[in-house]
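# Examining the three-dimensional arrangement
Each chain, written out:
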Amino acid sequence: HVVSWIPAGQRADRLFLSARSKFAAGEAIRGGVPVCFPQFADQGPLPNHGFARTSAWALASTQALGTGGARAVLRLDDSPATRTLWPHAFTAEMAVAVIGRSLDLRLTIANRGSAAFEFTAALHSYLRVDDIRHAVVQGLAGTRYRDKILSRDDVLESVPTLAIDRAIDRVYYAAPDKLEVQESGRVTSVRATGFPDTVVWNPWIERGAAIEDLESGGYAHMLCVEAAAARAPVRVEPGRAWIGTQTLVA
């Protein structure tokens, strides 16, 4: 779980992390970049967003990069506990690289079993904004989406600039691989590969107040723009692997 990202030459964190986050075994962390696997949200029988975000990952390797950055690779293997929930042999690796003003995230899911498996997943990135009322998302025009709040599907996004002025929870299908979050002259580029969908989420005032581990008024300082495989499951054959990436650039 990535909980902080301060780009080179800057002082402010570009990821939102709730002051009420529970840093405890088996608890999800509210903010940063949770890894949702092998289930996105409530799209299946598993706990919400799967078990990866509440599991302890092992540090597989670290590396200093020639560009002055650094990379860490974390690993999660199946266990008796995971197989009770999801009966498959797998290895998940999360490579996190910080280089200059970019944060590169690479999720690899390998099938170590004898049968194919399917999953949904997301990198649930919480971007920090000064005031959500001044933040907009560029690049989603012409994309179709599912509105989870209004229970509407296959809606066409018609606006070139998506302003956040109410609770929003949308899954954009086959979304563009490059978006921008803009706020008062500050821009965060959001790029993805392998993940076909993009989720945009902010709970707004009433829904935010109902989230136990979200600090008071926290909704106003966060905007989730998530690389996701949510509309259709990813299928991985035995001995093969799937890779999805998200890159944030300040």
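To keep things clear, this report deals only with the structure shown in the data block.

Cut-offs applied
Residues numbered from 1 in each chain as written. Predicted model: local features only at pLDDT ≥ 70, side-chain atom pairs only at ≥ 80, totals over all residues. Heavy atoms only, no water. Helix = DSSP H or I, 4+ residues; strand = E, 2+ residues; numbered from the N terminus. Rg over C-alpha atoms; globule rule 2.2 N^0.38 Å. Contact = heavy atoms within 4.5 Å. Pairing = 2+ DSSP bridges. Axes fitted to C-alpha atoms, helices over the stretch in contact; angles between N-to-C directions. Core = buried A, V, L, I, M, F, W, Y, C linked by side-chain atoms within 4.5 Å. Buried < 20%, exposed > 50% of the residue type's maximum accessible area, 1.4 Å probe, protein only. Polar contact = N/O pair within 3.5 Å; in protein donor to acceptor, adjacent residues only side chain to side chain.

With that settled, the discussion passes to the overall build of the protein. Per the secondary structure count, the protein includes 2 helices and 17 strands. Against the 2.2 N^0.38 benchmark of 18 Å for 250 residues, the protein shows a C-alpha radius of gyration of 18 Å, consistent with a compact globule. Its C-alpha atoms put the protein at 50 × 45 × 35 Å along the principal axes. A separation threshold of at least 6 residues defines the contact pool for the protein, and within that pool the share at least 24 residues apart is 65%.

As summarised here, the arrangement of the 9 strands in space is S2-S3-S4-S5-S17-S14-S13-S8-S11, forming an open sheet in which the pairing is antiparallel. Of all the strands in the sheet, just strand S2 (58-64) and strand S11 (161-163) have a single pairing partner and so form its edges. When the angles between neighbouring strand axes are averaged without regard to direction, this sheet yields 15 degrees. Where strand S3 (residues 70-77) meets strand S4 (residues 90-99), 8 bridges bridge the pair, whose relative direction is antiparallel. Along S4, the bridge assignment pairs Arg-75 with Glu-93.

One finds Phe-119, Ile-132 and Leu-223 to be the most contacted residues of the largest nonpolar core, which totals 53 residues. Here this core gets 6 residues from one element, more than from any other, and that element is strand S16 (residues 222-236). Aside from chain neighbours lying at most four places away, what touches Leu-223 is Ser-125, Tyr-126, Leu-127, Val-129, Ile-132, Val-137, Ile-164, Val-181, Val-200, Trp-201 and Asn-202. Listed in part, the 9 residues of the second largest apolar core include Val-171, Val-199, Ala-228 and Ala-230.

Mapped onto the fold, Arg-30 is located in the segment before strand S1 (35-36). Polar side-chain contacts of Arg-30 include one of 2.9 Å to the side chain of Asp-213. Excluding residues that lie within four positions of it along the chain, Arg-30 makes contacts with Leu-17, Ser-18, Ser-21, Tyr-126, Trp-201, Ile-211, Asp-213 and Leu-214.

Attention now goes to unusual backbone geometry. Across the junction of Phe-37 and Pro-38, the peptide omega takes the value 0 degrees, indicating a cis bond. A positive phi angle, close to 55 degrees, is found at Ser-151, a residue other than glycine. Among the secondary structure elements, Ser-151 is positioned in the loop between strand S9 (144-147) and strand S10 (152-156). Residue class for Ser-151 comes out exposed when judged on its relative accessible area of 68%. Phi at Ala-174 is positive, roughly 45 degrees, even though this residue is not glycine. With respect to the element layout, Ala-174 can be found in the loop between strand S12 (168-172) and strand S13 (178-183).

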